[in-house]
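# Overview (structure and organization)
Residue-level listing of the chains:
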Amino acid sequence: MTLLRTCLLGLVLMAGARPGLAEPVLLNVSYDVTREFYKDYNAAFLAHWKTVSGGGPLTINQSHGGSSKQARSVIDGLQADVVTMNQAPDIDILATAGHLIPADWAQRLPNHSAPTTSTILFVVRKGNPQGIHDWEDLVRRGVSVVIPNPKTSGNGRYSYLAAWGYALRQAGGDEAKATEFVRRLFANVPVLDTGGRGATTTFAQRGIGDVLLTFENEAALIRREFGADQLEVIVPSASILAENPVAWVDRYVLKHGTEPVARAYLEYLYSDEGQELVARHFFRPRNAAILAKYSDRFPAIPLYTVDEVAGGWAAAQRRHFADGGVFDQLYRK
Amino acid sequence: MATAIPSTLVVSPAPAGMTPRATHDPVWVRWTLTAVALLFLLFFLVLPLAAVFTEALRRGVGAYFAAVREPDALAAIRLTLLAAAIAVPSNLVFGVAAAWLIAKFQFRGKSLLTTLIDLPFAVSPVISGLIYVLVFGLQGWFGEWLLDHDIKIIFAVPGIVLATTFVTFPFVARELIPLMQAQGADEEYAAITLGANGWQTFWRVTLPNIKWGLLYGVILCNARAMGEFGAVSVVSGHIRGETNTMPLHVEILYNEYNFVAAFAVASLLALLAIVTLVLKALVEWRHAQSRQA
């Protein structure tokens, strides 16, 4: 039994010894495609923090995973100092379900607390054999479209709302026509993966589908990883503005005493250096001058917001993605 | 009725003549069966294993070792070994104690204890992980208290160790219970009659009798502890270099399109599995020998 006692003692020691001993640690809980970006950004921020701001030593830890799963972990006690997500609902839930941040978190930083944006583009196979150029081409008979499940992934939700918004604008606001368009689109989806990465693997590695709907930054990454000569990116006539929101988590930063550095970390995303890095990783910067500088990689197309086409995330969630919502009705074949 | 017996005796040579044919199938049947078994092994075991190593080495030995020596990969290896190093000895002690209790004593609630030991096998590993989130998570029973006292259980190393221990708990006990039940308590009774005390009986009579079964249980327990994914994934929090075990690290690398690194770390896990299998075969062989002796 002494062995057992030693083990338990060890567990308690490990549990207790972590905080307070070493230099301050900042934990950034993010979604799963931002690893490369934050690797570069953390290095840049550390340099900035040490020299310009005169801050002390600092370690930045990263956690990546599916966006909603990560939010769930933070609610359950993953002590994130900052969260950097790809859709507002995954931060809203920290306020509503976790009471970890105030409900007005989006007002604390510029641009609804979203320092970067992206949009939904199409990825097709080499030579674009199906001749896909715009949203109308996705609902043609015989075109197979890969979209992750809108109920479980931010990627899928933005794709759904992008199609909905396009159809709504085409039909002059006729919601019945928009519903019919989205129904025809999802009738062409052979498999609903649970997340963006799964959908990419389905399309690029397993060779299923004629076109993949995904974020602009993910499309760039896919072309780099799977070969620019194998896949082409198609820019539709209009698409959705995907805002990537960030927030410091009040409850945890107060506990860790990391609020100043957490704020500085997120504010630096809006700086010229931060926005440059953002653009280099294919996220659209908010800074107009830097966006213009990288105009070759960010085609200028009309981008409509979730607020414009669905009355905000809360309404979109209730109307489209909740159980028994529009998506459930139109996907039930 | 008396004639019935000779008649069966007369008939008996015919079945006797058939017996050799029943035990010795035609050559083509034997070869086909062997070939089918070997092909199955080839497609479902050897090829995937070979694929892991081919993918891992696709960009050369340099890329392989770079992936394995990367700080996050090393941290994942360390954490996996640490979790196994705590979970396996704990389960060894608990497993022996539980098996001893169940096999050698009669008491009320014995079948309940046996059922409880099987519980980790019965529930999905994901549920095992969620149990700990419900108990130690911020929204769970002890979450607020733990946060107030700066104690991290889930999304930290203790949670990973707990989840691993829970999932691997039955291996040692399950291996020992049938063995100890088959052996009975006679030798222990004899030892006690001859004046041995409890500890002496355990160390000199019980333990030598179960040592091969015990070793076998420990090896299986260790294999599962290092390979566990589901339960650990739920309680990990996926903090790079801190709370990622090897299986979690493989998944993350794969999701990041970093296939060479993913398969390199996967090949390390495969190597650990192969070492485990060799050890297991060795133990089984020694066990068989010790039985014959």
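Residues numbered from 1 in each chain as written. Chains lettered and ligands numbered in written order. Predicted model: local features only at pLDDT ≥ 70, side-chain atom pairs only at ≥ 80, totals over all residues. Heavy atoms only, no water.

### Re the packing of helix α5 (residues 71-104) of chain B against helix α14 (residues 246-255) of chain B
Residue and element names in this part refer to chain B. Interhelical geometry of α5 versus α14 gives an angle of 150 degrees and a closest axis separation of 8 Å. On the basis of the axis angle, α5 is roughly antiparallel to α14. Facing D72, A73, A76, I77 and T80 of α5, the residues of α14 in contact are M246, P247 and H249. Residues of the contact of α5 with α14, tallied by class, amount to five nonpolar, two polar and one charged. (Axes fitted to C-alpha atoms, helices over the stretch in contact; angles between N-to-C directions. Helix = DSSP H or I, 4+ residues; strand = E, 2+ residues; numbered from the N terminus. Parallel < 35°, antiparallel > 145°, perpendicular 65-115°, else oblique. Contact = heavy atoms within 4.5 Å. Nonpolar A, V, L, I, M, F, W, Y, C, P; charged D, E, K, R; others polar.)

### Here we look at the side chain of A:D81
Along the chain, A:D81 turns up in the loop between α3 (67-75) and β3 (82-84). Of the side chains with opposite charge, B:K152 comes closest to the buried, unpaired A:D81, at an N-O distance of 7.7 Å. In terms of polar contacts, A:D81 uses its side chain to reach the side chain of A:T258, at 2.7 Å. If we skip the residues at most four places from it in the chain, A:D81 touches A:V25, A:L26, A:L27, A:A247, A:W248, A:V249, A:Y252, A:V253, A:H256, A:T258 and A:A262. (Buried < 20%, exposed > 50% of the residue type's maximum accessible area, 1.4 Å probe, protein only. Lys, Arg positive; Asp, Glu negative; His and termini not counted. Salt bridge = Lys/Arg side-chain N within 4 Å of Asp/Glu carboxyl O. Polar contact = N/O pair within 3.5 Å; in protein donor to acceptor, adjacent residues only side chain to side chain.)

### What about the sheet that holds strand β7 (residues 211-215) of chain A?
All names here are of chain A. Taken in spatial order, the four strands of this open sheet run β6-β7-β5-β8, and their pairing is mixed. Two strands close off the open sheet at either side, each with one partner strand: β6 (145-146) and β8 (231-234). Bridge count for β6 against β7 is two bridges, and the pairing is parallel. Along β7, the bridge assignment pairs V145 with V211. Contacting β5 (120-125), β6, β7 and β8, helix α9 (residues 196-205) runs over the sheet at an angle of about 145 degrees to β7. (Pairing = 2+ DSSP bridges.)

### Notes on the confidence of the model for chain B
All names here are of chain B. Taken residue by residue, chain B gives an average pLDDT of 87. The fraction at 70 or more is 92%. Least confident of the elements in chain B is helix α1 (residues 4-11), whose mean pLDDT is 44; most confident is helix α9 (residues 157-168), at 94. Every residue in residues 1-18 scores below 50 in pLDDT, and together they form zero contacts with partners more than four places removed in sequence or on other chains. Overall fold confidence (pTM) sits at 0.82, and the ipTM for the predicted complex is 0.78. (pLDDT = per-residue confidence, 0-100.)

### Details of the nonpolar core
All names here are of chain A. Within the largest apolar cluster, 83 residues are counted, with the highest numbers of intra-cluster contacts made by V83 and W135. It is helix α7 (residues 154-170) that contributes the most residues to this core, nine residues altogether. Other than its neighbours up to four places away in sequence, W135 contacts I120, F122, S159, A162, A163, Y166, F181, L213, P236, A238, S239 and Y304. Core analysis: the second largest hydrophobic core is formed by 26 residues, V253, A264, Y265 and L266 among them. (Core = buried A, V, L, I, M, F, W, Y, C linked by side-chain atoms within 4.5 Å.)

### A closer look at the sheet that holds strand β12 (residues 284-285) of chain A
Residues and elements named next belong to chain A. Pairing within the open sheet is antiparallel, and its three strands lie in the order β10-β4-β12. The two strands at the open ends of the sheet, each matched to only one other strand, are β10 (242-244) and β12. The sheet contact formed by strand β4 (residues 116-118) and β12 spans two bridges and is antiparallel. The residue of β12 that forms the bridge with T116 is P285.

### Some points on the pairing of β5(A)
Regular strands place their side chains on alternate faces of the sheet. All names here are of chain A. The element β5 is extensively covered by neighbouring structure, given that five of its six residues are classed as buried. Of the strand pairs in this sheet, β5 and β8 are connected by four bridges, and their pairing is antiparallel. Looking at the pairing, V124 lines up with E232 of β8.

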